[in-house]
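A look at the structure
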Amino acid sequence: MSKQIILAMGLTDGYGNLHGAWRAPNVDPNNYADIDASVRYAQAAERGLFSFLFTPDFPAVRGDLEHVTVSNVLDPIVSLTAIARATKRIGFVATGSTTFQEPFNLARQFKALDVISHGRAGWNAVTTSDAAVAANYGRPVSDRTERYQRAHEAVQIVQSLWGSWEKDAWVKDKARDRFIDSSKLKPINLQGEHVASRGPLAIPPSEQGQPVIFTSGGPSPHLLTLAGRYASGFISEVWTIEEARAQRQMVRDAASEFGRDPDEIKYFPGLMTTVAPTVREGLDRRIALAGDVIEARLPHLGAMLGLHLHPERIDEPLTERELAAARAAPTDPRSGIALDVARLGWSSRDILAHGVIDFHPTVVGPGALHADHMQKWFEAGAADGFWVSPDVYEDGVDAFVDEVVPLLQERGIYPNEYPGATLRENLGVPAQYGIDSRADGRTSM
Ligand SMILES: Cc1cc2nc3c(=O)[nH]c(=O)nc-3n(C[C@H](O)[C@H](O)[C@H](O)COP(=O)(O)O)c2cc1C
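Residues numbered from 1 in each chain as written. Predicted model: local features only at pLDDT ≥ 70, side-chain atom pairs only at ≥ 80, totals over all residues. Heavy atoms only, no water.

Another aspect to go through is the overall build of the chain. On a plain count of helices and strands, the chain comes out with 17 helices and 14 strands. The C-alpha radius of gyration computed for the chain amounts to 23 Å, which stays within 12% of the reference 22 Å derived for 445 residues, consistent with globular compactness. Overall size of the chain, expressed as C-alpha extent along the three principal axes, is 85 × 45 × 40 Å. For the chain, the proportion of its 445 residues judged to be buried stands at 56%. Summarising the internal contacts of the chain: among those between residues at least 6 apart in sequence, 76% fall at separations of at least 24. Split by element, the accessible area of the chain, about 19000 Å² in all, is 52% carbon and sulfur. Mean positive and mean negative side-chain charge positions of the chain (44 and 57 charges, respectively) differ by 6 Å. (Helix = DSSP H or I, 4+ residues; strand = E, 2+ residues; numbered from the N terminus. Rg over C-alpha atoms; globule rule 2.2 N^0.38 Å. Buried < 20%, exposed > 50% of the residue type's maximum accessible area, 1.4 Å probe, protein only. Contact = heavy atoms within 4.5 Å. Areas by Shrake-Rupley, 256 points an atom, 1.4 Å probe, with all protein chains shown as cover. Lys, Arg positive; Asp, Glu negative; His and termini not counted. Charge placed at Lys NZ, Arg CZ, Asp CG, Glu CD.)

On to the domain arrangement of the chain, then. Domain annotation for the chain reports domain 1 (6-274 + 369-440) and domain 2 (298-356). Here domain 1 and domain 2 have C-alpha centroids that lie 36 Å from each other. (Domains from an automatic or database assignment.)

So, about the site of the ligand. Around the ligand, the surrounding shell holds 17 residues, and the nearest of these are D57, T128, R144, Y148 and S216. One of the side-chain N or O atoms of T127 is found 3.0 Å from an oxygen atom in the ligand. When the ligand sits alone it has 600 Å² of accessible area, and the protein chains cover 86% of it. Ranked by residue count, the leading element in the shell around the ligand is helix α5 (residues 144-164), at three residues. Across the shell around the ligand, the residue classes tally to six nonpolar, seven polar and four charged. (Near = heavy atom within 4 Å. Polar contact = N/O pair within 3.5 Å; in protein donor to acceptor, adjacent residues only side chain to side chain. Nonpolar A, V, L, I, M, F, W, Y, C, P; charged D, E, K, R; others polar.)

What follows is about the side chain of Q208. Mapping Q208 onto the fold places it in the loop between β8 (196-197) and β9 (212-216). On the basis of relative accessible area, Q208 is assigned to the buried category, the value being 5%. When residues no more than four places from it in sequence are discounted, the contact partners of Q208 are D114, G119, R120, A121, T422, L423, R424 and Q432.

Here we take up the packing of aromatic side chains. In total, this model carries 13 aromatic pairs according to the counting rule given. Centre to centre, the rings of F234 and Y267 are 6.0 Å apart; their planes meet at 15°, and the pair counts as stacked. Of this pair, F234 sits in strand β10 (residues 233-235) while Y267 sits in strand β11 (residues 266-268), and the two are 33 residues apart along the sequence. Given the relative accessible area of 0%, F234 is considered buried. The exposure class of Y267 is buried, given its relative accessible area of 0%. Pairwise contacts between aromatic rings join F52, F214 and F268 into one cluster. (Phe/Tyr/Trp six-rings, centres within 6.5 Å; stacked < 30°, edge-to-face > 60°.)

Attention now goes to the pattern of salt bridges. If you walk through the whole model with that rule in mind, you get 25 salt bridges. When the shortest N-O distance is used, the salt bridge between D384 and R248 registers 3.0 Å. Here D384 is found in the loop between α13 (367-379) and β14 (385-390), whereas its partner R248 is found in helix α7 (residues 241-257), with 136 residues between them in sequence. D384 sits in the buried class, given a relative accessible area of 4%. Taken together, the salt bridges that share partners define one network made up of R260, E264, D436 and R438. (Salt bridge = Lys/Arg side-chain N within 4 Å of Asp/Glu carboxyl O.)

Okay, here's the thing in C-alpha cells:
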C-alpha cells in the first residue's frame, strides 16, 4: 500500500481554536471543565480515523481571561485517561515537560495511560521555556543548553524505566506460585547531572510495548538532536510548503545521523480549519465569532504588506495602486500568503478572516479546499500528516470528518479503516521497548 496521510487533532480546550469559539451559539460555555464534551470531540475524530489527539500543555493561567478562554485541557493525562475509556482506536499524544516534571512521574503516568488505553499513548517531550509555567513550579527558566541536557537525561531515564519491566517478566503462574521473574524486573540506577532514578517501574508492557515519543517546536540544533535520537513524531508550526519541506528534511536528517531510518520519524505541520459550504459562508462564520480580533489586526496586516490600511476601508478590496505597491514582509512567512489572498480581490476584513495571521495555515470553505491543501503538501514531501485545529469543536470536527475525510479517501491518500489497534501501528513506526540502542550508543549521562 502506498503511503497515506496521518491525521491528528489538536485538543486545546473545550471550545475550539478560533478566537471566540466559546461564544458560538451551539457551544456550552461550561465545556472547559466538562469531560463529556472532550469525549464527544474525540469520538468524532475517531469516526474520521484520526490517529491521535494531541494535547499541547502550558499549565498556567495566561492572557486575557476576562474575554478569552484557558487554552489547555484540564490536565492532559487525567483527561486523556477518561477519553481512552470512551474510545477504541484513536491515540493520545500528551505533552509532558522534561524541565518541570520528574522522569519517574512521566514514565509512570504515560505508561499507565498506555496500558489503560491498550497501547494508544504517546509523549510529546518538551523542554518548556514559558515563564508563567516556570513560576507555577517555583523555578526560573533555565538556559537552553541546561534544559536540553536535562531533556536528554529525562528521556533516557523514562525509556529505561519503561523497559525495566521486561516483556516476559510477568509469569503469572498460579500453579507454581510464581508471579514475576525477578531477574526481568530490574533497577535502572541511572544518575545524571540533573535527574536520576533507581527503578524499576511497576507497570508491564502495553499492547504497543511502550508509549511513542514525540517532540515539538522550531528546528534549533538542540531540538533536532533530541528529535533525531528519540522521537517518532515531530509536531511543527510552519506556514509555507517550502518551509515545511525543508524542516521535515532536517528532522529526517537528524534521525539518519543517529543511525535510524528517516521514515521512523513522522512530521506533522499544523492546519486550522473552517469547513463551510462556500468560502463566503466560512468567512462569515469566522467574522461572527472573531470579528473584534480581526478588526484589531488591520495594522498588523498593513505591516505585513508594507501598506497603511485605513480602518474606514476595511470592507473594500485593496486598490490597484495598493496592490502594485504591496510587498510581502520577508521576515514573516505569512506575508506572502496574505498578499496572495489580497490579489484575489478580498476586502481587508476578509483577508484577515482567511486566518493569515493565525498560528498555522488556515483553510476556509468547502471540504475540497482542505483536501487540496493536504494533498499538495503531502505529495510535495512537506508532511507525513497534519495536526488539525478545527475552528469550533462542537460542529467543526464532524464537518471535517463528513466533508474532508471522504475526499481524501477517494483520492487514495487516506485509509478507509484504522491500520491497526495501537498508536505505533497507526503511525507506522517500529516497535520499541526500553531505550533505543542506536541512540543509547551516543549517550552521555
Ligand atoms: C507546534 C508546537 C507545539 C508546542 N507545544 C508545546 C507545549 O505544549 N508545551 C510547551 O511548553 N511548549 C510547547 N512548544 C514550545 C516548544 O517546545 C519550545 O520550543 C520549548 O518548550 C522550549 O524550547 P526551545 O528553547 O527549544 O524553544 C510547542 C512548539 C510548537 C512549535
